[in-house]
Amino acid sequence: MGELEDAVMTRVWKWNRPVTVREVLEDLQQERSIAYTTVMTVLDNLHQKGWVRRESEGRAYRYEAVSTRAAYAAALMNDAWSQSDNPAAALVAFFGMMSEEQRQALADAIRIAQGPETPAPAQGPGEVPGGGER
């Protein structure tokens, strides 16, 4: 996704509702000079790429994100990782670039992805794992 596409998608994700070209245009114009037709073209391109769906509203469209920004980031990471000839080395290098906050987020994500751990049953004195006694 290009820089302008990202700027447009950022607004679509942030607002989390169907948006018009005019709404995106007015918000973008607070930061840069941009034409209505440029925003319309970017949203059309995003629609063709499958990032937004659109519904006709009169003579215009309302655009809505197909997936979340997190899903987009995950797809980028997966794509980059799958292109590596050494995925383990790529992960080690990636982890080395992470801040402590990012490492904690990774640890939290791994915990969530693995689901709740089932605690081992309590064992009394003299019992061995799996039942029975010593």
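Now for a look at the structure at hand. (Residues numbered from 1 in each chain as written. Predicted model: local features only at pLDDT ≥ 70, side-chain atom pairs only at ≥ 80, totals over all residues. Heavy atoms only, no water.)

**Observations regarding the overall build of the protein chain**
Reasoning step 1: Secondary structure summary: the protein chain contains 6 helices and 2 strands in total.
Reasoning step 2: The order of helices and strands in the protein chain, counted from the N terminus, is α-α-α-β-β-α-α-α.
Reasoning step 3: By residue count, 19% of the 134 residues in the protein chain fall in the buried class.
Reasoning step 4: Pairs at least 24 apart in sequence give 37% of the contacts found in the protein chain among residues at least 6 apart. (Helix = DSSP H or I, 4+ residues; strand = E, 2+ residues; numbered from the N terminus. Buried < 20%, exposed > 50% of the residue type's maximum accessible area, 1.4 Å probe, protein only. Contact = heavy atoms within 4.5 Å.)

**Quick word on helix α6 (residues 100-114)**
Reasoning step 1: Counted at 1.5 Å a residue, the expected span for α6 with its 15 residues is 21 Å, and the 21 Å between its end C-alpha atoms agrees.
Reasoning step 2: Where α6 terminates, the next one or two residues include G115, which has phi positive at roughly 80°. (Expected span 1.5 Å × (residues − 1).)

**Side note on the pairing of strand β2 (residues 60-65)**
Reasoning step 1: One ladder, built from 6 bridges, connects strand β1 (residues 52-57) with β2; its direction is antiparallel. Its bridge partner being in β2, E57 is matched across the sheet by A60.
Reasoning step 2: In this structure, the hairpin formed by β1 and β2 is closed by a connection of 2 residues, where G58 is found at a positive phi of approximately 70°. (Pairing = 2+ DSSP bridges.)

**Considering a nonpolar patch on the surface**
Reasoning step 1: Together, M77, F94 and F95 give the surface a local cluster of nonpolar side chains, amounting to about 280 Å² of exposed area.
Reasoning step 2: Judged by relative accessible area, F94 falls into the partly exposed class, the value being 38%. (Patch = residues over 30% accessible without salt bridge, like charges linked within 9 Å, V, L, I, M, F, W, Y side chains within 5 Å. Areas by Shrake-Rupley, 256 points an atom, 1.4 Å probe, with all protein chains shown as cover. Salt bridge = Lys/Arg side-chain N within 4 Å of Asp/Glu carboxyl O.)

**Digging into the side chain of E5**
Reasoning step 1: Its location among the elements puts E5 in helix α1 (residues 3-15).
Reasoning step 2: Exposure remark for E5: the relative accessible area of 10% places this residue in the buried category.
Reasoning step 3: Of note is the side chain of E5, whose polar atom sits 2.9 Å from the backbone nitrogen of G2.
Reasoning step 4: Sequence-distant contacts of E5, that is, excluding residues within four places in its chain, are made with V42, N45, L46 and K49. (Polar contact = N/O pair within 3.5 Å; in protein donor to acceptor, adjacent residues only side chain to side chain.)

**Remarks on the packing of α1 against helix α2 (residues 21-28)**
Reasoning step 1: Running from amino to carboxyl end, α1 crosses α2 at an angle of 110°, the nearest separation of the two axes being 10 Å. Relative to α2, α1 is oriented roughly perpendicular. Like other packed secondary-structure pairs, α1 and α2 cross with a definite hand, here right-handed. Mapping the contact onto sequence places A7, V8, R11, K14 and W15 in α1 and E23, V24, D27 and L28 in α2. (Axes fitted to C-alpha atoms, helices over the stretch in contact; angles between N-to-C directions. Parallel < 35°, antiparallel > 145°, perpendicular 65-115°, else oblique. Left-handed = near helix turned anticlockwise from the far one by under 90°.)

**Some thoughts on α1**
Reasoning step 1: Helix length check: α1, at 13 residues, gives a terminal C-alpha distance of 19 Å against a target of 18 Å (1.5 Å per residue), a fit within 8%.
Reasoning step 2: Every buried residue belonging to α1 is among E5, A7, V8, M9, R11, V12 and W13, and all of these are buried.
Reasoning step 3: Tucked inside the fold, the buried residues of α1 contact α2, α3 (36-49), β1, β2 and α4 (69-82).
Reasoning step 4: Phi turns positive, to about 55°, at N16, one or two residues after α1.

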